[in-house]
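What follows is the residue order along each chain.
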Amino acid sequence: MSTAAHESSHLAAGTAAYRRANFAMFVGGFATFCLLYGPQPLLPLFSAYFGVTPASASLSVSVATAALALMLVPASLLSDRFGRARLMKCSLAGSAFFSLLMPLVADFQQLLVLRTLLGISIAGLPAAAMAWLGEEIAPDARGRAMGLYIAGNALGGMSGRFIAALVTEWSDWQSAFLVLGLIGLAAALLFWKCVPASRHFEPRSMAPAALAVDLGRTFRDPGLPVLFLSSFLLMGAFVGLYNYLGFRLEAAPFELGQSAIGAIFLLYVLGTWASAWSGRLVDRIGRRQVLWIMVAVMGLGLGLTVPESLSAVMGGVALFTFGFFGAHATASGWVGARAGERRALAAALYLTGYYLGASIPGSLVGLAWSGGRWPGVSLAVGGCVLAVFGLALYLRRLEAVVVARERGCSSDPR
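Residues numbered from 1 in each chain as written. Predicted model: local features only at pLDDT ≥ 70, side-chain atom pairs only at ≥ 80, totals over all residues. Heavy atoms only, no water.

Examining empty space enclosed by the protein
What counts, and what does not: Cavities and pockets were defined on a 1 Å grid built over protein atoms only: a cavity is a set of grid points that admits a 1.4 Å probe from which the probe cannot escape, a pocket is an open set flanked by protein on both sides within 12 Å along at least five of seven lines, and lining residues are those with an atom within 4 Å of any such point. Grid points are joined across faces, edges and corners, and a volume is the space filled by probe spheres set on the points. Strands here are runs of E lasting at least two residues and helices are runs of H or I lasting at least four, both read from the DSSP assignment and numbered beginning at the N terminus. Each residue gets one label: Ala, Val, Leu, Ile, Met, Phe, Trp, Tyr, Cys and Pro are nonpolar, Asp, Glu, Lys and Arg are charged, and the others, such as Gly, are polar.
Within the structure shown, the criterion is met by 2 cavities of 30 Å³ or more. Of all the secondary structure elements, the ones that give two or more residues to the lining of the largest cavity are α7 (108-122) and α10 (173-194). Among the elements that make up the lining of the largest cavity, the one with the highest residue count is α10 (3 residues). Residues of the lining of the largest cavity, tallied by class, amount to 5 nonpolar, 2 polar and 1 charged. One number sums up the size of the second largest cavity: a volume of about 30 Å³. Lining of the second largest cavity is provided by Tyr-242, Leu-245, Gly-246, Leu-249, Ile-261, Ile-264 and Phe-265. For the lining of the second largest cavity, the element with the most residues is helix α12 (residues 224-250), which contributes 4 residues. Its residues placed into classes, the lining of the second largest cavity shows 6 nonpolar, 1 polar and no charged.

Written as structure tokens, this is what we have:
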């Protein structure tokens, strides 16, 4: 196939196939985060209904994100061998199936098992989505397509939380899971119908030796492991704050209802804007400056949540959310810039750290809540934010390496 013919076979902006692809990937991203994070505002209900501690209740979110994190690299290898679209279709169908079983659980352990299976199933979509977009979308339209997929993620995470909280205000948590499961089923059917067939997928070897070589090179890089650790701590701080915000706001002096607590997750809208704005700022002043600034904004927002004032808490959560999405967008872009030809593996490792952060620190913050209520949570989350701030200052010294690679220089100053 000639170069011109090869390029013309990609999905070009403005075509019907391109619009179907964008719609399918938006729906897939929406469903992934809707199902994964929808139960987050229900943690106080799980604690009361099943008679478990707040830290234990947070496992309903953490086990799913941990399973997803541990499956990302294996799922990316499966997509290399068997195809991106096939894996994404199976991922969404399996996730909807497990979600629809959750209203039937008899105890908390059964709920955790199903949430773990959902995390395993759902890993296939984020593991394959970015590679599929890179292979099938025309080069001059990939940025827009990727942005729409990420927007679906953010909107799904926000909507799942809000819908679950709203349903429980009128009914119970079982009904909330039923609604989320039906959304997942509808998304799976739309994705299967709309996603175009792959034209450029070529199966790759799953040989362990090749993976071992790439892993070794990745972890010998002076910046990539630091970025992986940053994603772990960033997400741990973010999930830790949101996990226990509901417990604080349902208690005195706020005493908010479930729908009001769920409405707080509408602040995720700031995430879409923060990601785009920080990307433009990176183009102007560079990642090494933007990352520490965004982390500092997170710290400022966290400080504002300490007073017993609802307006201060809401303003603080808004700032914290803005800073988090800006920092995450900057760090994830930095991974791609440093990784070069190992970009897919490095992205999977970054996301592994990201979701492990949602699982481990996100749950351990529950111990701080049990021991010190919101001041304890603030100290635990603040420790994560401070650690990322230190890592961001270290990463400032890596500018020469990043610039050399992004400009296509052949030398490697490492």
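Some points on the packing of helix α2 (residues 16-37) against helix α6 (residues 84-101)
Note the following rule: Here an angle of 0 to 180 degrees is reported between the N-to-C directions of two axes, which are lines fitted to C-alpha atoms, with helices fitted over the stretch in contact. Note on convention: near helix rotated counterclockwise from far helix by under a right angle means a left-handed crossing. Clockwise means right-handed. In what follows, a contact means two residues having at least one pair of non-hydrogen atoms within 4.5 Å.
Close contact between α2 and α6 brings their axes to 11 Å; oriented N to C, the two are set at 35°. Here α2 runs over α6; the crossing is left-handed. Here α2 contributes Met-25, Gly-28, Ala-31, Thr-32 and Leu-35 to the contact with α6, which in turn contributes Met-88, Leu-92, Ser-95, Ala-96 and Ser-99. Counted by class, the contact of α2 with α6 contains 6 nonpolar, 4 polar and no charged residues.

Looking at helix α15 (residues 287-304)
We count it as follows: Helix span, as expected, comes to 1.5 Å for every residue beyond the first. Burial status follows relative accessibility: with a 1.4 Å probe on protein chains alone, a residue under 20% of its type maximum counts as buried, one over 50% as exposed, and anything between as partly exposed.
The end-to-end C-alpha distance of α15, which contains 18 residues, comes to 26 Å, matching closely the 26 Å that a straight helix rising 1.5 Å per residue would cover. Burial in α15 covers these residues: Arg-287, Gln-289, Val-290, Leu-291, Met-294, Val-295, Val-297, Met-298, Gly-301 and Leu-302.

Focus on a nonpolar patch on the surface
Selection criterion: Note on patches: the residues involved have over 30% relative accessible area and no salt bridge, like charges join within 9 Å, and the nonpolar side chains Val, Leu, Ile, Met, Phe, Trp and Tyr join within 5 Å. The accessible surface values rely on the Shrake-Rupley method and a 1.4 Å probe; as for residues, cover is taken only from the protein chains in view. Each salt bridge in this description consists of a side-chain nitrogen of Lys or Arg and a carboxyl oxygen of Asp or Glu lying within 4 Å of one another.
Together, Leu-178, Leu-182, Leu-185 and Leu-189 make up an exposed nonpolar region whose accessible area comes to about 360 Å². In this fold, Leu-178 is placed in helix α10. In this structure Leu-178 comes out as partly exposed when scored by relative accessible area, which is 40%.

Considerations on the pattern of salt bridges
For the structure on display, the rule yields 2 salt bridges. With a shortest N-O distance of 2.9 Å, Asp-221 and Arg-338 are connected by a salt bridge. With Asp-221 in the loop between α11 (208-220) and α12 and Arg-338 in helix α16 (residues 310-339), this pair connects stretches of sequence that are 117 residues apart. For Asp-221, a relative accessible area of 2% corresponds to the buried category. Residue class for Arg-338 comes out buried when judged on its relative accessible area of 0%. Where Arg-248 meets Glu-308, a salt bridge forms, and the shortest distance between an N and an O atom there is 3.5 Å. Placement of Arg-248 in helix α12 and of Glu-308 in the loop between α15 and α16 is noted, with a sequence separation of 60 residues between them. Overall, the relative accessible area of 55% leaves Glu-308 in the exposed class.

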